[in-house]
Amino acid sequence: MKYYLVLLAGLGMSMEAFSQSTLYQTGHQQALDYHLELFDKQLFSASLYDNTRLLAESLTEEQRKNAQLNRAMSALQLESPDGPGLMKAYIFDHGNHPTVATAGLYLGNHFFYKRNYKESIEAFGLVNTKGLNEETKADVLFKQGYAYFQLKNYGQAAGFFDQAKTLNQPISSDAYYYSGFIAMEQGNTSKAVTDLQAAGKSPFYSTKVPYLLTALYYQQGAYDQAITYAEPLLASSQNLDRRETIHLYLAEAFYAKKDFANAAKNYDAFINAKKGTLSREEVYKAGISFFEIKNYQRATDYLKVSASGNDEIAQSSSYYLGHSYIKLDNFAFASTSFQAASKVSFNKQIQEEALFNFAKTNLQRGSFQVAISTLDEYLDTYPSGRHRTEAETLLSEALINTNDYLRAIEQMDKIRTKSPRIQSAYQKVAFYQAMVYYRDQKYKQSISFLDKSQAFPSDKDLLLETHFWKGEVHTADGNLPQAIRSYEAARAMNPASSHPFLIKTHYGLGYAYFNTQQYPKAEEQFRLYTEKLRGRDEKQNYDDALLRLGDCQYVQKKFGDASATFQRAITERNSGIDYAYYRLAVVQNFQNRNDEALSQLDRLISGFSSSLYLEDAMFQRGQIYLEEVRYAEASRAFSDLITGRPSSPFVPYALEGRAVANFSMQRYDQTIADYKAILDNHPNAQNAETALKGLQETLALQGRSAEFGDYVAKYKSSNPGSGNVQVLEFESAKSLYIDKNYPQAARAFENYLRSYPQSAQKTEALFFAGDAFLQAGDADRAIGYFKQLEREPASPQRVRAMQKLGMIELDRGNYAAAIPYLETASQNARNKVEEAEAVQGLMVASFATRKFQQAISYADRLMTLDGIIPESTPTALLTKAKAQREMNQKPQAETTLQNLVKDHKTVQGAEGLYLLAFSYQERGDFEKSNNAIFDFSGPFADYDFWYGKMFLLLADNFQKTGETFQAKATLESIVERSTNAEIKAEAQSKLKNLN
C-alpha cells in the first residue's frame with residue numbers, strides 16, 4: 001500500500017469526506033474536489049500547485065481551511081521543506097477546528113512511518129487525544145511510547161505504553177509487550193512478568209513472550225516457576241521464538257537445582273539447535289552436568305572447550321576433564337588435564353588435588369619418572385597435605401618402576417629411617433641402576449650399585465641375582481678371580497637346583513673356570529648347566545655350553561667323553577655345529593680314528609663355506625692326510641687352502657705341509673718352490689727356520705746348494721738374534737701400542753719402518769703404525785700406512801687393514817668407497833668380532849648408497865651375530881626398518897619396528913618408536929600412533945631428543961584430530977620438562993603458532 005494511503009487510512013480520511021458540504025458549489029468547491037482527486041491519484045505536485053493558486057482567490061472560510069490542509073498534505077508527501085511548517089501552521093491557526101486533530105495525526109504518522117521518531121513525538125504532542133475514539137487514542141499513545149522506546153528513553157516510553165495498554169484496544173497487546181520489556185530492562189521483574197503475561201495472551205506475542213518470561217523467572221531465581229512454565233511449552237508442538245534460548249534458561253535453572261540430567265539434556269538441545277553459542281561458564285556447567293550423570297565422553301566434549309584459558313573456570317574444567325578421562329581409561333589425556341589444573345592457583349584445593357592426581361595418573365600409564373618428580377613436588381609443597389600418606393606409598397612404588405634410577409636412589413638416600421617398603425624399593429632400584437651401568441660398560445659403577453643393592457637384602461631372590469650379576473660384571477671387566485667368588489657366593493645361598501639364576505651361575509662360573517684354565521671345575525659347571533637345560537624349550541646358551549663342555553674334556557684328554565659330547569652337539573643340530581664337526585675331527589685324530597675324522601672335516605668344508613673354522617678344517621685335513629701317508633691327497637688339501645684362502649694365517653704352515661708331501665713324492669721342484677714361498681712371503685713366520693732347513697736339504701738333493709746362500713742371508717736379516725736392536729725396537733713400539741699409548745706408539749713404528757724397510761715384521765709394523773695413528777686421531781696418516789699394507793701380499797694384517805680403511809671411509813661419509821674394503825674384510829674375517837664389524841659397516845654403507853635390499857640382507861646377517869659388538873641387533877633392526885620404508889614396504893617396516901621397540905630399550909629403540917608412531921600417523925591412524933607413544937615411551941625417557949620428538953608428534957596428532965587443549969598442554973609440558981634445546985625450541989614454535 002502506498003504511504004499516503006496508509007496515512008489516510010490511519011486518519012480515517014477519504015476523498016469522499018472532502019467532497020461533501022452543505023451547499024455544493026460549481027466554482028471553488030469543484031476546484032477543491034478536483035484538487036483532492038489529484039491528491040488521491042498521487043499527483044502531489046499538481047495538487048500542491050493548484051491548492052496554492054486557489055488560496056489566492058476569494059474562498060469561504062471552510063473552503064480556505066480545506067485548501068490549506070490539502071496543500072500541507074501534498075507538501076508533506078513531496079518531502080517539501082515547508083511541508084511540516086505548513087501543517088503546523090494549519091494546526092496552530094485552527095486550534096478549535098475538528099480537522100486539527102486529523103492534521104496532527106497526519107503529521108505525527110508522517111514522521112513515525114519515516115522513523116523520524118523525535119519529530120513524530122512533537123507532532124503527536126499537538127494532538128488533543130480527548131476528542132479521539134478509544135482505538136485511535138490507544139494507537140497514538142502506543143506510537144508515542146514506541147518513538148521514545150526507539151530513542152532509548154525508556155522512562156518516557158513506559159508512561160505512554162502504560163496508558164495505551166489500559167484501553168483494551170488491539171494495540172494494547174503491543175503496549176503490554178514493550179512495557180514488559182522495558183520493565184525487564186529496568187529490573188522491575190514483577191511488572192515485567194505481569195505485562196508479558198498479558199501480552200502473551202495475544203496470538204502474535206504468544207510465540208515471542210515465552211523466552212522472555214523464562215528468562216525473567218530464571219533471573220528472579222524462581223527456578224521451579226521457570227521450569228513449570230517452560231517445559232510444557234517446549235513439549236508442545238507450539239511454534240516458539242528463540243526456542244533454543246528457552247532450552248538454555250531451562251538448562252541453567254536445572255543446573256542451579258542440581259538436576260544434572262535435565263540440565264545436560266537442555267544444554268545439548270541448545271547446542272544441537274545451532275543458533276547460538278554458549279559462554280565459557282555455560283560450557284563448563286554443561287560439562288559438569290554430563291560429568292555428574294556419568295556421561296564422561298560428552299563431558300569431555302564440553303570441558304575441553306571451557307578448559308582453554310587462564311582463569312578459575314579453566315582450572316576447574318581441566319580438573320574435571322582429567323577425572324572424565326580417567327573414567328574413559330584415557331590416562332594420557334587425563335595426565336595433561338591434571339597437569340594444566342595443577343599449574344594455576346585460582347583454587348588452591350583444586351591445585352593440590354590436581355597435582356596429586358597428575359602423579360597417580362602417570363603411575364597408571366607407566367610414566368614413572370614424571371610420577372616420581374610430581375610426588376616429590378607434592379610432598380614438598382604440601383607437607384601436611386591430605387594425600388601425604390598415600391603419596392609416600394605411591395612414591396616407593398614409583399621408585400621401583402622408574403627408569404631414572406639415580407634420581408630414585410637420591411630420593412631414598414634422603415630418608416634417614418627407611419621403612420621396609422623403602423628398603424625393598426632401594427634394593428631393586430640400586431640393582432636396576434647397576435644393570436644400566438653394566439649395559440654401558442661402566443663396570444666399577446655397576447659393582448658399586450650392586451653392593452648398594454646387597455645392603456638391603458629384602459628380597460632373597462634378588463640378592464641371589466646381584467651375586468650372579470657381580471660375577472658377570474667382574475667377568476666383563478676381566479677380573480676372573482673376583483668373578484668366581486661372586487658366582488660361588490650365589491651358589492652358597494643354596495637356591496633350588498632349578499632356580500633360573502643358579503642355572504645361569506653354572507654357565508658364568510663355567511667360563512670363569514675355563515678362562516683361568518681350571519678345566520675340571522669348568523667341566524663340572526658346564527655339565528650341570530647342560531643337564532638342567534637339556535629337556536627345556538628355552539635353552540639360552542645351551543649350545544655354547546655344550547661345546548665348551550667338550551672343550552674341557554678334550555683339554556683334559558678325556559677323548560671318549562669329548563667325542564661323545566661333540567657327537568651329541570651334531571645330533572642335536574647345535575647352532576655351533578660347524579665347530580662341533582671340527583673339534584670332533586680333532587678328537588678322533590687323537591684317537592687314531594682318522595677316516596672318521598676326515599669324514600667330519602669333509603662335512604664341515606662342504607657344508608659350511610662361511611664358517612670361521614673352515615681354514616682350520618682345511619689345514620687339519622691336510623695334516624691328517626700327511627699322517628696317513630696319503631701324500632697326493634695331502635698336497636691337494638694344502639693347495640686348496642693356499643689358493644682358496646690366501647690371507648689365512650695357516651698359509652705358511654700349509655706351504656710347509658705341501659712341501660713335505662711333495663718331498664715324500666719326490667717332487668723336489670715343487671718342494672723347493674714351497675719352502676722359498678715361506679721365506680719370501682712369510683719370513684717372520686714361526687716355521688721360517690724349518691723352511692730354511694727343508695730348503696737346504698732339498699737343494700742339496702738336487703745339486704743346487706749354491707742357491708741356498710741367498711736365503712740364509714735373507715733369513716738372518718729377517719730373524720736377527722734375540723739381543724738385536726731391531727727386535728728391541730719392534731717390541732718396544734709394540735708395548736706402547738698394547739698400553740694404548742698411541743701417539744708414542746705411532747712415532748715408534750714410524751721410526752722402525754724408516755730404519756728397517758725390509759723387516760720381516762713389516763706387515764705387522766705397517767698395521768700397528770696405521771692403527772696407532774688412527775687411535776691418536778690422525779686418520780690421514782693412518783690411511784697412508786693401511787694403503788701401503790694394501791699393496792703387500794695377503795696376510796691377516798692386510799685383511800685387518802682393509803677393514804680399518806672401510807671404517808675410515810664410512811666415518812667420512814665416503815660410503816661407496818668403503819664397500820669394497822668392507823667386503824674384503826667380511827669375506828676374510830677370522831673371528832666373530834671382525835665379521836660383525838664388517839657386516840655392520842656394509843649395512844650402513846649400503847643404506848647410505850640407497851642399496852636398500854642389500855642393506856636389509858646385511859641387517860639380517862648382522863642379527864645372527866647378536867651380542868658380538870654392542871647394540872648390533874637394535875642397529876640392524878632400525879636400519880632394516882628404514883630400508884623397508886624407503887622401498888615402500890611400510891607394513892613390513894612396522895613389524896620390524898615393533899620388534900625393535902619391544903626388545904631393545906636403547907637409543908635405536910627410541911628412534912624406532914618415533915618412526916613407528918610416525919608411520920601410524922602417516923596412514924591416518926592417530927589413535928594407534930598415540931597409543932604407541934603412551935604405551936612404550938617410558939623406558940626411552942633418557943634419550944631426550946627422540947623422547948621429545950615422540951611427544952612433538954603426539955601434539956601434532958592432537959592438533960590434527962581437533963584436540964587443541966591436549967595439543968597445547970603437551971607442548972607446554974615439553975617446554976617445561978625437556979632438557980634438549982632443539983626439542984624445546986620446536987615446541988615453543990609450535991605452541992606460538994597454536995596460540
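Everything below is about the structure printed above this text.
Residues numbered from 1 in each chain as written. Predicted model: local features only at pLDDT ≥ 70, side-chain atom pairs only at ≥ 80, totals over all residues. Heavy atoms only, no water.

(A) Broad picture of the overall build of the chain. Scanning the chain from N- to C-terminus turns up 55 helices and 0 strands. The C-alpha radius of gyration computed for the chain amounts to 52 Å, which surpasses the reference 30 Å derived for 995 residues by more than 25%, pointing to a less compact arrangement than a globule. Looking at the chain as a whole, 52% of its 995 residues are labelled buried. Counting only carbon and sulfur atoms, one obtains 47% of the accessible surface of the chain, whose full area is about 45800 Å². One way to put it: in the chain the 109 positive side-chain charges average out to a point 1 Å from where the 116 negative ones average out. (Helix = DSSP H or I, 4+ residues; strand = E, 2+ residues; numbered from the N terminus. Rg over C-alpha atoms; globule rule 2.2 N^0.38 Å. Buried < 20%, exposed > 50% of the residue type's maximum accessible area, 1.4 Å probe, protein only. Areas by Shrake-Rupley, 256 points an atom, 1.4 Å probe, with all protein chains shown as cover. Lys, Arg positive; Asp, Glu negative; His and termini not counted. Charge placed at Lys NZ, Arg CZ, Asp CG, Glu CD.)

(B) A look at the packing of aromatic side chains. For the structure on display, the rule yields 71 aromatic pairs. Between Y218 and Y249, the aromatic rings sit 5.8 Å apart at their centres with planes inclined by 50°, giving tilted as the arrangement. Linking Y218 in helix α13 (residues 209-220) with Y249 in helix α15 (residues 243-256), this pair joins segments that are 31 residues apart in sequence. Ring plane angle 80° and centroid distance 5.4 Å describe the contact between Y319 and Y320, whose orientation is recorded as edge-to-face. Judged by relative accessible area, which is 25%, Y320 ranks as partly exposed. Above the ring of F290, the side-chain terminus of R298 is found at 5.9 Å from the ring centroid. Taking the ring centre of Y554 as reference, the NZ or CZ of R583 above it sits at 4.5 Å. (Phe/Tyr/Trp six-rings, centres within 6.5 Å; stacked < 30°, edge-to-face > 60°. Lys NZ or Arg CZ within 6 Å of the ring centre and 35° of its normal.)

(C) Molecular detail of the pattern of salt bridges. One pass over the full model with this rule turns up 52 salt bridges. With a closest N to O distance of 3.7 Å, R630 and D595 form a salt bridge. Within this pair, whereas R630 is found in the loop between α35 (614-627) and α36 (631-644), its partner D595 is found in helix α34 (residues 594-607), the two being separated by 35 residues in sequence. Two residues, K693 and E689, come together in a salt bridge whose shortest N-O distance is 3.8 Å. Of this pair, K693 and E689 are both found in helix α39 (residues 688-701), 4 residues apart, which corresponds to roughly one turn of the helix. (Salt bridge = Lys/Arg side-chain N within 4 Å of Asp/Glu carboxyl O.)

(D) How the structure looks around the side chain of N574. Counting through the fold element by element, N574 comes out in the loop between α32 (559-571) and α33 (577-590). In terms of polar contacts, N574 uses its side chain to reach the backbone carbonyl oxygen of D543, at 3.1 Å. Other than its neighbours up to four places away in sequence, N574 contacts D543, L546, L547 and A569. (Polar contact = N/O pair within 3.5 Å; in protein donor to acceptor, adjacent residues only side chain to side chain. Contact = heavy atoms within 4.5 Å.)

(E) Up close: the packing of helix α44 (residues 779-790) against helix α45 (residues 796-811). Two numbers describe how α44 lies on α45: the axes approach to 9 Å, and their chain directions differ by 135°. Classified by the angle between their axes, α44 and α45 sit oblique to one another. In this structure, α44 meets α45 at a crossing whose hand is left-handed. Counted together, I783, F786, K787, L789 and E790 of α44 and Q797, R798, A801, M802, K804, L805 and I808 of α45 form the full contact between these two elements. Counted by class, the contact of α44 with α45 contains 7 nonpolar, 1 polar and 4 charged residues. (Axes fitted to C-alpha atoms, helices over the stretch in contact; angles between N-to-C directions. Parallel < 35°, antiparallel > 145°, perpendicular 65-115°, else oblique. Left-handed = near helix turned anticlockwise from the far one by under 90°. Nonpolar A, V, L, I, M, F, W, Y, C, P; charged D, E, K, R; others polar.)

(F) Spatial organisation of the environment of A881. Among the secondary structure elements, A881 is positioned in helix α49 (residues 872-886). Assessed through its relative accessible area of 1%, A881 is described here as buried. Each C-alpha atom of the pair A881 and Q892 lies 7.6 Å from the other, and the pair is 11 residues apart in sequence.

(G) Up close: the nonpolar core. F142, F161, Y177, Y178, Y267, M950 and L971 are the most contacted members of the largest nonpolar core, which totals 121 residues. Broken down by element, the residue count for this core peaks at 9 residues, all from helix α53 (residues 944-960). Membership of the second largest hydrophobic core comes to 113 residues, among which are V436, Y437, L546 and V587. (Core = buried A, V, L, I, M, F, W, Y, C linked by side-chain atoms within 4.5 Å.)

(H) Up close: the side chain of N828. Here N828 lies in the loop between α46 (815-827) and α47 (832-848). With relative accessibility at 19%, the residue N828 sits in the buried group. Apart from residues no more than four positions distant in its own chain, N828 is found in contact with S647 and V799.

Take it as geometry only, folks, not as evidence of what the structure does.
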